[in-house]
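Chain residues, written in single-letter form:
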Amino acid sequence: MNITTSNQVITFEQDAQLVNNLLELLTREQSSLVMVDVDAIEVLMEEKSELLQHINTAAKSRYAALAASGFEQNESGMTAWLKSQTKPALNAAWDKFQQSISQAKEMNRLNGMLISKHFSRNQQLLNHLQGNSGAGDVYSKSGQAKSYATSRSTLMA
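Quick caveat: nothing in here was measured; it's all calculated off a predicted structure.

Conventions and cut-offs
- Residues numbered from 1 in each chain as written.
- Predicted model: local features only at pLDDT ≥ 70, side-chain atom pairs only at ≥ 80, totals over all residues.
- Heavy atoms only, no water.
- Phe/Tyr/Trp six-rings, centres within 6.5 Å; stacked < 30°, edge-to-face > 60°.
- Helix = DSSP H or I, 4+ residues; strand = E, 2+ residues; numbered from the N terminus.
- Buried < 20%, exposed > 50% of the residue type's maximum accessible area, 1.4 Å probe, protein only.
- Lys NZ or Arg CZ within 6 Å of the ring centre and 35° of its normal.
- Core = buried A, V, L, I, M, F, W, Y, C linked by side-chain atoms within 4.5 Å.
- Contact = heavy atoms within 4.5 Å.
- Axes fitted to C-alpha atoms, helices over the stretch in contact; angles between N-to-C directions.
- Parallel < 35°, antiparallel > 145°, perpendicular 65-115°, else oblique.
- Left-handed = near helix turned anticlockwise from the far one by under 90°.
- Expected span 1.5 Å × (residues − 1).
- pLDDT = per-residue confidence, 0-100.
- Arc of directions from axis to C-beta.

**Let's talk about the packing of aromatic side chains**
Point 1. Inspection of the entire model under this criterion finds one aromatic pair.
Point 2. Seen in terms of ring centroids, tryptophan 94 and phenylalanine 97 are 5.3 Å apart; in terms of plane orientation they differ by 40°. Their pairing is tilted. Here the residue tryptophan 94 and the residue phenylalanine 97 both occupy positions in helix α4 (residues 88-129), the gap between them amounting to three residues, near one helical turn. As far as the burial class goes, tryptophan 94 and phenylalanine 97 line up, both buried.
Point 3. The ring of tyrosine 63 carries the charged tip of arginine 62 above its face, separated from the ring centre by 5.5 Å.

Now the structure itself:
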């Protein structure tokens, strides 16, 4: 739905499409993280950066349209503008848009957790390969083999 305010257009379709594209990209990112497909992850990071720039530009445009109509350039200004409109479909479109944004934030948070787990596991493996695993010597001073309790996660590649 497009609304023109003082020669500016507030459009939810463009914003909604951008957020839907982000959700699709985050889904692919999550799949690549689970599969540990580093090449795909690198490509997706570039795509995500570009898409986030487009989303930022769209938000700035929406806020400029709000300002041109005498409203604050933020979410409370958007809420005030929506209250001034007589079209219930606008509120429904905005609510759906906000739900999509919340879903994207949650997916991004989960992907961040996956990235953090991969980073921790890789750091443990690097420490082990560099001899910094904390295991120290294999034999005690008396010549007996030392036993160390290792977790499975440090042995996984």
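**Observations regarding the nonpolar core**
Point 1. Core analysis: the largest hydrophobic core is formed by 19 residues, its most contacted members being Phe12, Met78, Trp81, Leu82 and Trp94.
Point 2. Mapped by element, the contributors of at least two residues to this core are α1 (12-35), α2 (38-68), α3 (75-84) and α4.
Point 3. By residue number, the principal contributor to this core is α1, which donates six residues.
Point 4. Aside from chain neighbours lying at most four places away, what touches leucine 82 is Phe12, Leu90, Asn91 and Trp94.

**Points about the packing of α2 against α3**
Point 1. With their axes 10 Å apart at the nearest point, α2 and α3 run at an angle of 55° to one another. The angle between α2 and α3 places the two elements in the oblique class. Seen from above, α2 lies across α3 with left-handed handedness. Across from Arg62, Tyr63 and Leu66 in α2, the residues of α3 making contact are Glu75, Gly77, Met78 and Trp81.

**A word on the side chain of serine 32**
Point 1. When you line up the elements, serine 32 lands in helix α1.
Point 2. Take serine 32: its relative accessible area is 9%, and that puts it in the buried class.
Point 3. Aside from chain neighbours lying at most four places away, what touches serine 32 is Asp37, Ala40, Ile41 and Leu44.

**Looking at the environment of tryptophan 94**
Point 1. Owing to a relative accessible area of 6%, tryptophan 94 belongs among the buried residues under this scheme.
Point 2. Separated by 78 residues in sequence, tryptophan 94 and alanine 16 place their C-alpha atoms 9.0 Å apart.
Point 3. Contact partners of tryptophan 94, with chain neighbours within four places excluded, come to Phe12, Arg62, Glu75, Met78 and Leu82.

**Side note on the side chain of lysine 48**
Point 1. The topology assignment puts lysine 48 in helix α2.
Point 2. Residues in contact with lysine 48, not counting those within four places in the same chain, are Leu22, Leu25, Leu26, Glu29 and Asn108.

**Comments concerning α2**
Point 1. If you check α2, its first and last C-alpha atoms are 45 Å apart, about what 31 residues at 1.5 Å a residue would give, namely 45 Å.
Point 2. Listed as buried for α2 are Ile41, Leu44, Lys48, Leu51, Ala58, Ala59, Arg62, Tyr63, Ala65 and Leu66.
Point 3. Among the residues trailing α2, glycine 70 stands out with phi positive, at a value near 90°.

**Examining the confidence of the model for the protein chain**
Point 1. In this model, the protein chain carries an average pLDDT of 82, and 78% of its residues clear a pLDDT of 70 or more.
Point 2. Scored below 50 in pLDDT, residues 149-157 makes eight contacts in the model with residues more than four places away or belonging to other chains.

**Section: α3**
Point 1. Among all positions in α3, only Gly77, Met78, Trp81 and Leu82 are buried. Within α3, the buried residues cover an arc of 135° as seen down the axis, which keeps them to one side.

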